[in-house]
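Chain by chain, the residues:
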Amino acid sequence: MFRNDYDTDVTTFSPAGRIHQVEYAIAAVKQGSACAALKSDDYAVLACVMRKESDLGSHQEKLFKVDEHMGIGISGLIADGRVLCKYLRTECLNHKFVFETPMQVGRLVRKLSDKSQVFTQTSEKRPYGVGLLVIGCDKTGPHVYETLPSGDYYEYIAQAMGKRSQSSRTNLEKYYKEFKDMELGDLVKHALQSLRGASEEKLTKTNCAVAFVGKDRPFTILTGDNLGPYMELAVGGDDNNMDESKKEEEAT
Amino acid sequence: ANGVPTNSFCGLFLFPPPFGRYPPHTHRPPMSVLLKANPNVSKDSVLERRQWSPYLDNGGTVLGVAGSDFVVLGGDTRMSYGYSIASRNVTKIAELTDKCILASAGMQAERHTLHKVLKAKATMFENTHRKKMSAPSMAQCLSNTLYYKRFFPYYTFNVLAGLDEKGAGKVWGYDAIGSFESVPYVVTGSGSALATSILDNQVMFKTQPQNKRELKCSEVVELVKDVFTCISERDIYTGDSAEIYIITKDGIKKEVFPLKKD
């Protein structure tokens, strides 16, 4: 009941100590189609479900390269995501120009989060309605970060965001201990498998995309035919798993 | 060379600036201007002093030759400062994309910055348009970048070489403020006067039209090596070694060819 009185403005706290506008922005992220990311000691992998507005249209692109060693998957308001992607790319380029070295992933994520925080404290503006899964590999190894409209960011071994992502997270929690030493192909397969529960329709090589980055591999996006071999490995997986996690999703 | 990393600059301090007479090939204002600017000074001593200049010439020669499906771009690696050698192993050439390279003679600091700026522009283009910048686009981009600093120019004399969208070899020569033209060959830098006539004769066969023929890639590379050898004989700012880049549809190949060290 307090929600409606204190949720007009991002600069207003509720009596419970929450800023509802920011939470609504996070809810916007949860409405977007799913993204999942996971990492091993050598690689970080990102996968996403690309939704189509109608059969007449094309799939929504959600994975973007930020730099040779870094990329993002977005969930939520795609337009906001594009703008943030441009910001990230510019920051990386600037850093490389000034310091002649690639930007470290965590620092870029922190910069982005600081930028996001500004919009949770300024009137007449709204927070970005998009969450990013940032994967990158720098001299400290591969990383997976999640950023939210609130300006929070977290580092993960594996994470999923977006609609029906709980089933993805459950799937990732099941297997995350094995990720450490996994081969790239298996990581990609796991990423796709975790998304199976998150997609309305069956996963095919046209409605999802995968990206990976590693110590010796620049950020690469796989779509369409490039994705084919991995799809066969993933989709020909264990159907029981999918049903179980879907039941969990419905229970929550 | 062993122990010396490539592109290392083991140079002299630039401050204080070299005292004594104006170094060769630098601009000295005419006597009338100097005398007016320094009213109470004798004629001789006016030649000893000069106003601070943001520019200096680090010498070097750069040349490019275009073939039907290849380009050859060469630049020596000597960096001079006045009559001294600052380094024997400084590159003048930057790979902008896998089909396009840029070589610049003139001032090292300007060259380095210009090359960085263009590489950043190439990356931005690729991010925005999802394809690499083509050589003709890069040629225009370089011209725009140079003209942007029309009133404080980059002290660089550039040669851009690449394969255009159809795979034909193209070489563009520039002046310091961005005037450019696609040419069959071009030499700029301190040895340009010594080499241009040779190339007129050996690439375009201007004095022997009856022998005019298309040169193969290997012939052009040998010609470029000979030209650098000849330039380094007479031009003190060219020598040490020459980097020769060859672009074909298979990619970029690089060769380092030694030149005289005197």
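Let us look at the structure shown here. This structure is a prediction, so every number in the text was calculated from the model and none was measured.

1. Digging into the pairing of strand β2 (residues 71-76) of chain B
In the case of a regular strand, side chains alternate between the two sheet surfaces.
All names here are of chain B.
Argument step 1. For β2, a buried count of six out of six residues is recorded, marking the element as mostly surrounded by other parts of the structure.
Argument step 2. Side-chain alternation along β2 places Val 71, Leu 73 and Gly 75 on one buried face and Val 72, Gly 74 and Asp 76 on a second face that is also buried.
Argument step 3. One ladder, built from five bridges, connects strand β1 (residues 61-66) with β2; its direction is antiparallel. By the bridge assignment, Val 62 is partnered in β2 with Gly 75.
Argument step 4. Inspection of the sheet shows β2 paired to strand β11 (residues 241-248) by six bridges, in the antiparallel sense.

2. A closer look at the sheet that holds strand β6 (residues 141-147) of chain A
Strand pairing within a sheet occurs via backbone hydrogen bonds; the two strands may be parallel or antiparallel.
Residues and elements named next belong to chain A.
Argument step 1. Read from one edge of the open sheet, five strands run β3-β4-β5-β6-β7, paired in antiparallel fashion. Of all strands in the sheet, those with a lone pairing partner are β3 (63-67) and β7 (153-156), marking the two edges. Each neighbouring strand pair of the sheet contributes to a mean axis angle of 25 degrees, computed without reference to strand direction.
Argument step 2. Sheet topology places strand β4 (residues 70-76) next to strand β5 (residues 130-138); seven bridges connect them, and they run antiparallel. Opposite Met 70, over in β5, you have Gly 136 as the bridge partner.
Argument step 3. Helix α3 (residues 78-99) rests against β3, β4 and β5 of the sheet, and its axis sits at about 20 degrees to β3.

3. Quick word on the nonpolar core
Residue and element names in this part refer to chain A.
Argument step 1. Counting 28 residues, the largest nonpolar core has Leu 38, Val 45, Phe 179, Leu 192 and Leu 195 as the members making the most contacts within it.
Argument step 2. Looking at this core element by element, the count peaks at six residues for helix α6 (residues 184-195).
Argument step 3. If sequence neighbours within four positions are ignored, Leu 192 has contacts with Leu 203, Cys 208, Val 210, Leu 227, Tyr 230, Met 231 and Ala 234.

4. Let's talk about the sheet that holds strand β1 (residues 35-39) of chain A
Residue and element names in this part refer to chain A.
Argument step 1. In space, the five strands of this open sheet follow the order β8-β1-β2-β9-β10, with antiparallel pairing throughout. Edge positions in the sheet fall to β8 (158-161) and β10 (220-222), since each has one partner strand and no second. Mean inter-strand twist for the sheet, computed between neighbouring axes without regard to direction, equals 15 degrees.
Argument step 2. Summarising the sheet, strand β2 (residues 43-49) and strand β9 (residues 208-214) pair through seven bridges and their orientation is antiparallel. Following the sheet pairing, Tyr 43 is matched in β9 by Gly 214.
Argument step 3. Against the sheet, helix α5 (residues 165-175) engages β1 and β8, with an angle of about 170 degrees to β8.

5. Some words on helix α6 (residues 217-234) of chain B
Side chains of residues three or four places apart in an α-helix project in the same direction, reflecting 3.6 residues per turn.
Residues and elements named next belong to chain B.
Argument step 1. Helix length check: α6, at 18 residues, gives a terminal C-alpha distance of 26 Å against a target of 26 Å (1.5 Å per residue), a fit within 8%.
Argument step 2. Of all the residues in α6, the buried ones are Val 220, Val 221, Leu 223, Val 224, Lys 225, Val 227, Phe 228, Ile 231 and Ser 232.
Argument step 3. Buried residues belonging to α6 abut β1, β2, α5 (192-202), β11 and β12 (251-258).

6. Points about the environment of Ala139(B)
Residues and elements named next belong to chain B.
Argument step 1. With respect to the helices and strands, the residue Ala 139 is situated in helix α4 (residues 135-148).
Argument step 2. Ala 139 gets classed as buried once you look at its relative accessible area, which sits at 1%.
Argument step 3. C-alpha separation for the pair Ala 139 and Phe 157, spaced 18 residues apart in sequence, amounts to 14 Å.
Argument step 4. Setting aside anything within four residues of it in sequence, one finds Ala 139 in contact with Leu 160, Trp 172, Tyr 174 and Phe 180.

7. As for the packing of α3(A) against helix α3 (residues 108-129) of chain B
Packed helices, taken two at a time, are described by the angle between their axes plus the distance between the axes.
Argument step 1. Contact geometry of α3(A) with α3(B) gives a least axis separation of 11 Å together with a crossing angle of 160 degrees. By the angle class used here, α3(A) and α3(B) are roughly antiparallel. The two elements α3(A) and α3(B) meet at a crossing, and its hand is right-handed. Contacts between α3(A) and α3(B) involve Arg89(A), Leu93(A) and Phe97(A) on the former and, on the latter, Lys116(B), Val117(B), Ala120(B), Thr123(B), Met124(B) and Asn127(B).
Argument step 2. Looking at side-chain class alone, the contact of α3(A) with α3(B) contains five nonpolar, two polar and two charged residues.

8. Details of helix α7 (residues 228-235) of chain A
Residue and element names in this part refer to chain A.
Argument step 1. Inspection of α7 places Gly 228, Met 231 and Ala 234 among the buried residues, and these make up the whole buried set. Across the axial projection of α7, the buried residues extend over an arc of 125 degrees, all falling on one side. The exposed set on the far side of α7, more than 90 degrees from its buried face, consists of Pro 229 and Glu 232.
Argument step 2. Turning to α7, the residues buried within the fold contact α6 and β9.

9. Section: the packing of aromatic side chains
Argument step 1. Summed over the entire model, instances satisfying the criterion amount to seven aromatic pairs over all chains.
Argument step 2. Considering the side-chain rings of Tyr145(A) and Tyr153(A), the 6.2 Å spacing of their centres and the 55 degrees angle between planes classify their relative orientation as tilted.
Argument step 3. In this structure Tyr145(A) comes out as buried when scored by relative accessible area, which is 8%.
Argument step 4. A relative accessible area of 30% places Tyr153(A) in the partly exposed class.
Argument step 5. Where Tyr174(B) meets Phe180(B), the ring centres are 5.2 Å apart and the plane angle is 5 degrees; that geometry is what we call stacked.
Argument step 6. The exposure class assigned to Tyr174(B) is buried, which follows from its relative accessible area of 5%.
Argument step 7. Judged by its relative accessible area of 28%, Phe180(B) is partly exposed.
Argument step 8. Grouped by ring-pair contacts, the aromatic residues Tyr55(B), Phe152(B), Tyr155(B) and Phe157(B) constitute a single cluster.

Cut-off values and rules
Residues numbered from 1 in each chain as written. Chains lettered and ligands numbered in written order. Predicted model: local features only at pLDDT ≥ 70, side-chain atom pairs only at ≥ 80, totals over all residues. Heavy atoms only, no water. Buried < 20%, exposed > 50% of the residue type's maximum accessible area, 1.4 Å probe, protein only. Helix = DSSP H or I, 4+ residues; strand = E, 2+ residues; numbered from the N terminus. Pairing = 2+ DSSP bridges. Axes fitted to C-alpha atoms, helices over the stretch in contact; angles between N-to-C directions. Contact = heavy atoms within 4.5 Å. Core = buried A, V, L, I, M, F, W, Y, C linked by side-chain atoms within 4.5 Å. Expected span 1.5 Å × (residues − 1). Parallel < 35°, antiparallel > 145°, perpendicular 65-115°, else oblique. Left-handed = near helix turned anticlockwise from the far one by under 90°. Nonpolar A, V, L, I, M, F, W, Y, C, P; charged D, E, K, R; others polar. Arc of directions from axis to C-beta. Phe/Tyr/Trp six-rings, centres within 6.5 Å; stacked < 30°, edge-to-face > 60°.

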